[in-house]
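Here are the chains, one letter per residue:
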Amino acid sequence: MLKSLEGSWCVVLGASSGIGRAVALGLASEGVNVFGVHFDTAARQAEVDRLARDIAAQGVEVRFHNANAANRTARAGLVAAVRELTADTGGVRILVHSLAFGTLVPFLPREGWDKPISHRQLEMTLDVMAHSLVYWTQDLAAAGLLRAGSKVYAMTSAGTSQALPSYGAVSAAKVALEAHVRQLACELAPQGVAVNAIRAGVTVTPALERIPEHAVYVARAAQNNPHGRLTRPDDVADAVALLSRTESSWISGNTIGVDGAELHAAAGAWGSATPVRSES
């Protein structure tokens, strides 16, 4: 049975842009209070402030923190702040891991790239985009903030099975992230907490636009998606809200595609509204 989310709290890691931003706004429209963590320069502060005002305009509480969510010390302080805010409202209903900070350097030298990926770059990417999900879940659970009915979502991509020239480290992080989701889903099952990965289709976000090959990739994805368009951040926000309206933890441990069947569309076959007929 679906239930209202009004009055509950969500924690959104990577809340200031892209999918994290859309999820924060979408959940706020459902009456969910937002604890957002972002890592931005001072140049973006005015934009982040506008986002916070837009969220508050939905009639909910909002707390934004500019901090490195993958830093152990920062995380300890943030979890303490979450505990103080949510102690009287049942803890954290929704945790969204949407951290998209990683290196886009190829594994081996090639034209335009004199140096291959370093040990530090590879470790950082895995730590921020994958392992931090485990650490945040551990700390929230230890603080008693993940309770029966809570939902944990991690944003993955088709990069788990596809390769782009500069996407190797992020691809590895997404594979690890999905493995972490499966493990956490099993370990949190006795507590009634569901953990899932959301695999969005190709979505134009600041993180995507940092990929050197993104323009060609985006054009081909838009042409091939059976819906005739790319995935939008709001599509993902809608899915998170819908999946969160149940107390059940029976949908757990999955990678859930939110891509309009993009992953399954045969390459190039859906790029025209006119059916392609074979010659007899």
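Counting restarts for each chain: residues are numbered from 1 in the order of the written sequence. Given that this is a predicted model, residues contribute local features only at a pLDDT of at least 70 and side-chain atom pairs are listed and counted only at 80 or more, while totals for whole chains, interfaces and linings are drawn from all residues. Side-chain measures were taken over the full set of non-hydrogen atoms in the model, leaving aside hydrogen atoms and water.

Brief notes about the pairing of strand β2 (residues 33-38)
Point 1. In terms of residue burial, β2 counts as a mostly covered element, since six of its six residues are buried.
Point 2. Alternating residues of β2 divide into Asn33, Phe35 and Val37 and Val34, Gly36 and His38, and every residue in both groups is buried.
Point 3. Relative to β2, strand β1 (residues 9-13) runs parallel, the two sharing five bridges. What sits directly across from Val12, in β2, is Gly36.
Point 4. By convention a crossover is right-handed if, when the strands point away from the viewer, the path from the first strand over the helix to the second runs clockwise. Going along the chain from the N terminus, every DSSP run of H or I of four or more residues is numbered as a helix, and every run of E of two or more is numbered as a strand. In the classification by handedness, the crossover that spans β1, the intervening helix α1 (residues 18-29) and the parallel β2 is right-handed.
Point 5. One bridge is not enough; two strands pair if DSSP finds at least two bridges between them. As defined by bridge partners, β2 adjoins strand β3 (residues 62-66) across five bridges and the pair is classed as parallel. Directly across from Gly36, in β3, lies its bridge partner Phe64.
Point 6. Of the crossover connections in this fold, the one passing from β2 over helix α2 (residues 45-56) to the parallel β3 is right-handed. Under the scheme applied here, a residue whose accessible area is under 20% of the maximum for its type counts as buried, over 50% as exposed, and between as partly exposed, the area being computed with a 1.4 Å probe on protein chains only.

Quick notes on the pattern of salt bridges
Point 1. Salt bridges are defined as contacts in which a side-chain nitrogen from Lys or Arg sits within 4 Å of a carboxyl oxygen from Asp or Glu. Applying the stated criterion across every chain, the model contains eight salt bridges.
Point 2. Put simply, Glu30 and Arg245 hold a salt bridge, and the shortest N to O gap is 2.7 Å. Of this pair, Glu30 sits in the loop between α1 and β2 while Arg245 sits in the loop between α8 (233-244) and β7 (255-258), and the two are 215 residues apart along the sequence.
Point 3. With a relative accessible area of 27%, Glu30 lands in the partly exposed category.
Point 4. Connected through shared salt-bridge partners, Asp40, Arg44 and Glu47 make up one network.

Points about the confidence of the model for the chain
Where the model shows low pLDDT, its predicted coordinates should not be examined in detail.
Point 1. A residue's pLDDT is the predictor's confidence in that residue, given on a scale from 0 to 100. The pLDDT averaged across the chain works out to 91; a share of 96% of its residues lies at or above 70.
Point 2. Scored below 50 in pLDDT, residues 273-280 makes zero contacts in the model with residues more than four places away or belonging to other chains. Throughout, a residue-residue contact means that at least one pair of heavy atoms, one from each residue, lies within 4.5 Å.

Examining helix α3 (residues 72-86)
Point 1. Look at α3: 21 Å from first C-alpha to last across 15 residues, which is about the 21 Å you get at 1.5 Å a residue.
Point 2. On its buried face, α3 sits against β1, β2, β3 and α4 (119-142).
Point 3. At the N-terminal end of α3, a side-chain oxygen is found 3.0 Å from the backbone nitrogen of Thr73, two or three residues along, and the residue is Asn71. In a helix, the anticipated span is given by 1.5 Å times the number of residues less one. Two N or O atoms count as a polar contact when they lie within 3.5 Å, although within protein this holds only if one can serve as hydrogen donor and the other as acceptor, and sequence-adjacent residues are included solely when both atoms are side-chain atoms.

Some words on the sheet that holds strand β4 (residues 94-97)
Point 1. Taken together, seven strands build an open sheet; the order of strands is β3-β2-β1-β4-β5-β6-β7 and the sheet is parallel. Each edge of the open sheet carries a strand with a single partner, namely β3 and β7. Ignoring which end each strand starts from, the neighbouring axes of this sheet average 20° apart.
Point 2. For strand β6 (residues 194-200) and β7, the ladder comprises four bridges, and the chain directions are parallel. What sits directly across from Arg199, in β7, is Gly257.
Point 3. α4 contacts β1, β4 and β5 (151-156) of the sheet and is inclined by roughly 160° relative to β4.
Point 4. Helix-sheet contacts for α8 involve β4, β5, β6 and β7, and the interaxial angle to β5 is about 155°. Axis lines are fitted through C-alpha atoms, for helices just across the contact stretch, and the angle between N-to-C directions can take any value from 0 to 180 degrees.

Side note on the pairing of β4
Point 1. Burial along β4 is two-sided: Ile94 and Val96 and Leu95 and His97, pointing in opposite directions, are all buried.
Point 2. Here four bridges tie β1 to β4, and the two strands are oriented parallel to one another. What sits directly across from Val12, in β4, is Val96.
Point 3. Both β4 and β5 contribute to a ladder of four bridges, which runs parallel.

Thoughts on α2
Point 1. For α2, with twelve residues, the first-to-last C-alpha span of 16 Å sits near the 16 Å given by 1.5 Å per residue.
Point 2. Among all positions of α2, only Val48, Leu51, Ala52 and Ile55 are buried. Angularly, the buried residues of α2 cover 100° about the axis, an arc narrow enough to put them on a single face.
Point 3. Those residues of α2 that are buried are in contact with α1, β2 and β3. Arc definition: it is the arc formed by the directions from the helix axis to the C-beta atoms.

Here we look at the environment of Ser171
Point 1. Within the secondary structure layout, Ser171 lies in helix α5 (residues 168-188).
Point 2. Classification of Ser171 by relative accessible area gives buried; the value is 13%.
Point 3. With 18 residues separating them in the primary sequence, Ser171 and Ala189 have C-alpha atoms 27 Å apart.
Point 4. Discounting chain neighbours no more than four positions away, the residues touching Ser171 are Gly159, Thr160 and Gln162.
Point 5. Among the polar contacts made by the side chain of Ser171, one reaches the main-chain carbonyl oxygen of Gly159 at a distance of 2.3 Å.

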